[in-house]
Amino acid sequence: MSPRRAPELYRAPLASYALQVDPSTGLLIAVGGGGAAKAGIKNDMHFLQLEQINGRLRQYAHCQLLRFQVHQQKGNKAKKAGSKEQGPRQRKRAAPAEKKCGAETQHEGLELRVENLQAVQTDFSSDPLQKVVCFNHDNTLLATGGTNGYVCVQKVPGLEKVLEFKAHEREIEDLALGPDVKLVTMGQDLKASVWQKDQLVTQLHWQENGPTFSSTPYHYQACRFGQVPDQPAGLLRQPAPCYLTAWDGSNFLPLRTKSCGHEVISCLNVSESGTFLGLGTVTGSVAIYIAFSLQCLYYMREAHGIVVTDVAFLPEKGRGPELLGSHETALFSVAMDSHCQLHLLPSLQSVPVRLLLLLCVRLTVVTVLLLQSVFPGFL
């Protein structure tokens, strides 16, 4: 059973839109603000240091690539990971210093240096807006999509343009970079397309292979590539509002489709090993599924109470296992309510003693009934 309420890690002074976890340092990075609107709300990036778990960059018409480094301050002794203090520790930003190509944030023995590496415009429409951005598996390529329906692929870190082509007639909702520059795009034109570089390979026909529907049009909302254990690389995508589909990445045919309720999916992510799938909804709910079977393991209804803007799994490398402790996995979620929440999935190997006893009793009763039916004089 899921807990009644997810632990709240952090409450930002602005709406949060995206987050990521750095595996080497365990830093949780949240990005948010007023966006492109001239509402007087600045855009900001917050770094949260996670000590122990118990309790992309999106910049409008431009793609901006940042790099951050963590340094120990001289003269201060940083607390060790095994200290008695538990729970996440917030790193607040110091008073901003105007610098040409970066900024520094200092607090309690740690110094964060953020450097602006490159910036390049990716949307050249009359009302430009870069909506989505993603890296490939080894972070050597970066793909962006905007309101003009064009996809741009750049090399990292120089952001030299590799590809640019029109993928959709309307805005691009989401995209995913796979192996060998294989690309999946989803647009507001109700199409989901598979590309090999800039050549169209096929279109995903989910409605033809899925359950029977009425004439209601379905939008393709989110997509990610994920390596499924003992299976070829598969595509996991979710068309709004209430179905999840796992696709075979070799032939792009659907492997299985399951209903995920009546809440429209707003964001989706896959764990590093491809074992788990995490998602958020427009009504603020958060769920964790087994990626291959699409079995729901965790569900927190209206955890945020408003649209969930991004979810990210705790990395399974670096400091991830140390922070995870005895839990199976951990999922972070942010929403427009400015809250960052932690969702812990208990170890799947631990079964409650009461449940074991109940299963033993039921097995015994079934065995006795079977013996009685086979051998009438058994009792």
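Up top is the structure.
Definitions and cut-offs
- All residue numbers refer to position in the chain's written sequence, counted from 1.
- Only residues with pLDDT of 70 or above have their local features reported here, since the model is predicted, and side-chain atom pairs are shown and tallied only from 80 upward, although totals for entire chains, interfaces and linings are computed over all residues.
- Heavy atoms from the whole structure form the basis of all side-chain values; hydrogens and water molecules are not counted.
- Only DSSP runs of H or I reaching four residues or more are called helices, and only runs of E reaching two or more are called strands; each is numbered from the N terminus.
- The buried label applies to any residue whose accessible area, calculated with a 1.4 Å probe on protein chains only, is under 20% of its type's maximum; exposed applies above 50%, and partly exposed to all values in between.
- Pairing between strands is defined by DSSP: at least two bridges between them are needed.
- The salt bridge criterion pairs a side-chain nitrogen of Lys or Arg with a carboxyl oxygen of Asp or Glu, the two atoms within 4 Å.
- Axes, fitted as lines to C-alpha atoms, cover a helix only where it is in contact. Angles between the N-to-C directions of the axes lie from 0 to 180 degrees.

1. Some points on the overall build of the chain
Point 1. Helix and strand counts for the chain stand at 3 helices and 27 strands.
Point 2. Per-residue burial for the chain yields a buried fraction of 45% across its 379 residues.

2. Topic: the pairing of strand E3 (residues 27-32)
Point 1. Summarising burial for E3: 6 of the 6 residues are buried, a large majority.
Point 2. Here E3 shows two buried faces, one formed by Leu-27, Ile-29 and Val-31 and the other by Leu-28, Ala-30 and Gly-32.
Point 3. Two strands pair when backbone bridges link them, and strand E2 (residues 16-21) and E3 are joined in this way by 5 bridges, in the antiparallel orientation. Counted as the bridge partner of Ala-18 is Val-31 from E3.
Point 4. The antiparallel pairing of E2 with E3 creates a hairpin that spans 5 residues between the two strands, and Gly-26 there sits at a positive phi of about 75°.

3. Quick word on the pattern of salt bridges
Point 1. Throughout the structure, instances matching the rule amount to 5 salt bridges.
Point 2. Salt-bridge contacts for Glu-322 lead to Arg-319; the nearest nitrogen and oxygen are separated by 3.2 Å.

4. Some remarks on the sheet that holds strand E24 (residues 296-300)
Point 1. Taken together, the 4 strands give an open sheet; going across it, the order is E21-E22-E23-E24, and neighbouring strands pair in antiparallel fashion. Of all strands in the sheet, those bounded by a partner on one side alone are strand E21 (265-270) and E24. Along the sheet, successive strands turn relative to each other by an average axial angle of 15°, direction set aside.
Point 2. Of the pairings in the sheet, the one linking E21 to strand E22 (residues 276-281) comprises 5 bridges and is antiparallel in character. Bridge pairing in E22 links Ile-265 to Thr-281.

5. Some details on unusual backbone geometry
Point 1. In this structure, the amide linkage connecting Val-156 to the following residue, Pro-157, adopts the cis form with an omega of 10°.
Point 2. With respect to the helices, strands and loops of the structure, Pro-157 is situated in the loop between strand E11 (150-155) and strand E12 (161-166).
Point 3. You will see that Leu-190, though not glycine, has its phi angle at about 70°, which is positive.
Point 4. Inspection of the secondary structure assignment puts Leu-190 in the loop between strand E14 (182-187) and strand E15 (192-196).
Point 5. Accessibility expressed as a relative area gives 37% for Leu-190, which makes it partly exposed.

That is the geometry; function is a separate question.
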